[in-house]
Amino acid sequence: MTILKQNLMLPKSVKKIPLLFLLLLITLLLIIGSFNYVHHDDSEEVEEACNEKINLEICSDKMYNKNDDTLDISEKMNVIREARRIVRKHGMVMLTFMNRAFVPFLTNWMCHTRNMVNYSQVLILVTDNSVYSKIIAQYPSLSVVYLSVFNKINGKQRYCSAGFMRVGIYRSRVVNWILQENFPVFLFELDALWIRNPLPFVTSKKEYDLTIIPTYAKSFEAAIGFYYMRNSTRMKTFWAELVHRLDELDTTFSCLDNTALVRSKDNDQIVLMDLILEHYRNIVIYFLPLNRFLDGKWYTNPNLEQLKHAFILNFNFIIGIDEKIARAKQFGQWFAAQDNVSCLSDHRKYLNPELSTKLV
């Protein structure tokens, strides 16, 4: 067997470079590499918002039932009935969840997507009865279902709180109800800017079971707040297992108050990543391009040309609802009026995808 060896001899021109200069050059490269590493590491801020040292065994001796029977069966049937009505007409359902604190995001989304989205495809699940009444009165084209199970989690949920995690876990359960009825589901979140309708692109990947946004480039961690699932047998089995594992996770902090902080890894997104890495049921996944499905890291280095060609810009990578809204306003990406009900008069200026946004 012939073994190829690399020629480690330095060219004569390189040998002439003073040793001190080479040392300075290496030091400079190390400093730059260290800076880039720190710049892209977002884990420290997340860990500070969570309680990484919590002992979750405190709930192990307490009996709590957080499975499907915590929801009134009539409400569950309401969800399935509305989803079936939408699927019969459109072949799939656009699904989103919201509590009282998300009313401004719904208004903002409705203000800038009115010429973009067919609202008869959208099913909104709300956890506040008064919000439910207002939405059906203001937006008759939307399908809305009230779910009472989370009426105590209607305020602003802090990231890493038990209430925040429960909302994510419960959302995956509801998605499972719809998926197991053999209905394709496109789930999205309202705290985002839609430059153009992503639905045609997202649903065009017909050979894939799951189409989803990765949290980082070349990462198997997926953003569980934006995805399209086909009603394939593999996908239904995969999601049923996800819900089973989330039920187990929910039990570990089931005795905690909604405001109690838990560990950053105790969430639906990490459990989903574990299943993906296991190649569970060998589902086929398409990871959407991050240069067209932008996340909140865009705000650290705004690129208007990139934004012009994107589908959506998520308002994530910042903690707090008020903080998200303030940042969107700063960049001229907020179209809800002060009353959080009506739209700003100049909201249409951004609806042309060929025009770049002026930062204000």
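Conventions used here
Residue numbering note: each chain is counted from 1, following its sequence as written. In keeping with the model being predicted, local features are shown solely for residues with a pLDDT of at least 70 and side-chain atom pairs are shown and tallied solely at 80 or more, while totals for entire chains, interfaces and linings include all residues. Excluding hydrogens and water, the side-chain values take into account all heavy atoms of the structure. Only DSSP runs of H or I covering at least 4 residues are called helices, and only runs of E covering at least 2 are called strands; the numbering of each starts at the N terminus. Here's how the labels work: a residue is buried when its accessible area is under 20% of the maximum for its type, exposed when over 50%, partly exposed in between, all with a 1.4 Å probe on protein chains only. Note on contacts: a residue pair qualifies if any of its non-hydrogen atoms lie within 4.5 Å across the two residues. Surface accessibility in these figures is a Shrake-Rupley result with a 1.4 Å probe; residues are shielded only by whichever protein chains are displayed. The term salt bridge refers to a side-chain nitrogen of Lys or Arg lying within 4 Å of a carboxyl oxygen of Asp or Glu. Every angle, taken between N-to-C directions, lies between 0 and 180 degrees, and every axis is a line fitted to C-alpha atoms, over only the stretch in contact when it is a helix. Here the angle decides the label: under 35 degrees means roughly parallel, over 145 means roughly antiparallel, 65 to 115 means roughly perpendicular, and every other value means oblique. By convention, the crossing between two helices is left-handed when the near helix turns anticlockwise from the far helix through less than a right angle, and right-handed when the turn is clockwise. Residue type decides the class: Asp, Glu, Lys and Arg count as charged, Ala, Val, Leu, Ile, Met, Phe, Trp, Tyr, Cys and Pro as nonpolar, and the leftover types, Gly among them, as polar. Whether two strands pair depends on DSSP finding at least two bridges between them. In this text, buried Ala, Val, Leu, Ile, Met, Phe, Trp, Tyr and Cys residues form a nonpolar core when linked through side-chain atoms within 4.5 Å. The disulfide definition used here is simple: a pair of cysteine sulfur atoms within 2.5 Å. By convention, orient the strands away from the viewer: a clockwise path from the first strand over the helix to the second makes the crossover right-handed.

A. Representation of the overall build of the protein within the structure. When you go through the protein residue by residue, the secondary structure sums to twelve helices and ten strands. Classification of the 360 residues of the protein by burial places 48% in the buried group. At a minimum sequence separation of 6, the contacts of the protein that also span at least 24 residues come to 74%. Accessible area of the protein: about 19100 Å², with a carbon and sulfur share of 56%.

B. Highlighting the pattern of salt bridges. The final tally for this structure, using the stated rule, is 14 salt bridges. The residue R84 makes a salt bridge to E181 at a minimum N-O spacing of 3.2 Å. With a gap of 97 residues between them, R84 in helix α4 (residues 73-90) and E181 in the loop between α7 (162-180) and β4 (185-187) connect regions that are remote in the sequence. Residue R84 is classed as partly exposed on the basis of its relative accessible area of 28%. For E181, a relative accessible area of 33% translates into the label partly exposed. In this structure, the salt-bridge partner of E305 is K308, at a minimum N-O distance of 3.6 Å. Note that E305 and K308 are positioned in helix α11 (residues 304-308) at a spacing of three residues, about one turn of the helix. Overlapping salt bridges bring together R81, E82 and R85 as one network.

C. Summary view of the packing of helix α9 (residues 233-252) against helix α10 (residues 268-277). Where α9 contacts α10, the two axes come as close as 10 Å, and the packing angle between them is 135°. Here α9 is positioned oblique relative to α10, judged by the angle of their axes. Both α9 and α10 take part in a crossing whose hand is right-handed. Along its contact with α9, which presents F238, W239, E241, L242, R245, L246 and L249, the element α10 presents D268, V271, L272, L275 and I276. Of the residues that constitute the contact of α9 with α10, the class distribution is nine nonpolar, no polar and three charged.

D. Representation of the pairing of strand β7 (residues 222-229). Within β7, eight of the eight residues are buried, which leaves the element mostly enclosed by the surrounding structure. In terms of strand pairing, β4 meets β7 through three bridges, oriented antiparallel. Bridging across to β7, F186 finds its partner in Y228. Sheet analysis places strand β6 (residues 210-214) next to β7, joined by five bridges and oriented antiparallel. Bridging from a neighbouring strand, I212 pairs with Y227 of β7.

E. Region of the structure containing the nonpolar core. Counting 53 residues, the largest nonpolar core has F186 and W194 as its most contacted members. Those residues in contact with F186, other than ones at most four positions away along the chain, are M92, V93, M94, L95, W194, P198, L199, V202, F226, Y227 and Y228. Within the second largest apolar cluster, 50 residues are counted, among which are V93, V145, I169 and M229.

F. Quick peek at the sheet that holds strand β9 (residues 293-294). Read across the open sheet, the three strands follow the order β5-β10-β9; overall the sheet is mixed. Each edge of the open sheet is held by one strand with a lone partner, namely β5 (192-194) and β9. With three bridges joining them, β5 and strand β10 (residues 312-314) adopt antiparallel strand pairing. Residue pairing for β10: W194 is matched across the bridge by I312.

G. Structural detail: the state of the cysteines. Per the counting criterion, the structure on display carries two disulfides. Disulfide pairing is shown between C50 and C160; the S-S distance is 1.7 Å. Judged by the sign of its S-S torsion, about 75°, the bond between C50 and C160 is right-handed. With a gap of 110 residues between them, C50 in the loop between α3 (43-49) and α4 and C160 in the loop between β3 (143-146) and α7 connect regions that are remote in the sequence. Of the two residues examined, C50 and C160, each falls in the buried class. A sulfur-sulfur distance of 1.9 Å marks the disulfide that ties C111 to C343. The disulfide joining C111 to C343 has a torsion of about -95° about its S-S bond and is therefore left-handed. Separated by 232 residues along the polypeptide, C111 in helix α5 (residues 103-113) and C343 in the segment after α12 (321-330) bring together distant segments of the chain.

H. Representation of the pairing of strand β2 (residues 122-126). Taken across its five residues, β2 has five buried, putting it largely inside the fold. Side chains V122, I124 and V126 of β2 all project onto a buried face; the interleaved residues L123 and L125 project onto the opposite face, where all are buried too. With five bridges joining them, strand β1 (residues 93-98) and β2 adopt parallel strand pairing. Following the sheet pairing, T96 is matched in β2 by I124. For the crossover that starts at β1, traverses α5 and ends in the parallel β2, the hand is right-handed. Sheet analysis places β2 next to β3, joined by four bridges and oriented parallel.

I. Structural detail: unusual backbone geometry. Here N182, not a glycine, exhibits a phi torsion of approximately 75°, which is positive. Secondary-structure assignment places N182 in the loop between α7 and β4.

The quantities given are spatial measurements derived from coordinates; they are silent on function.
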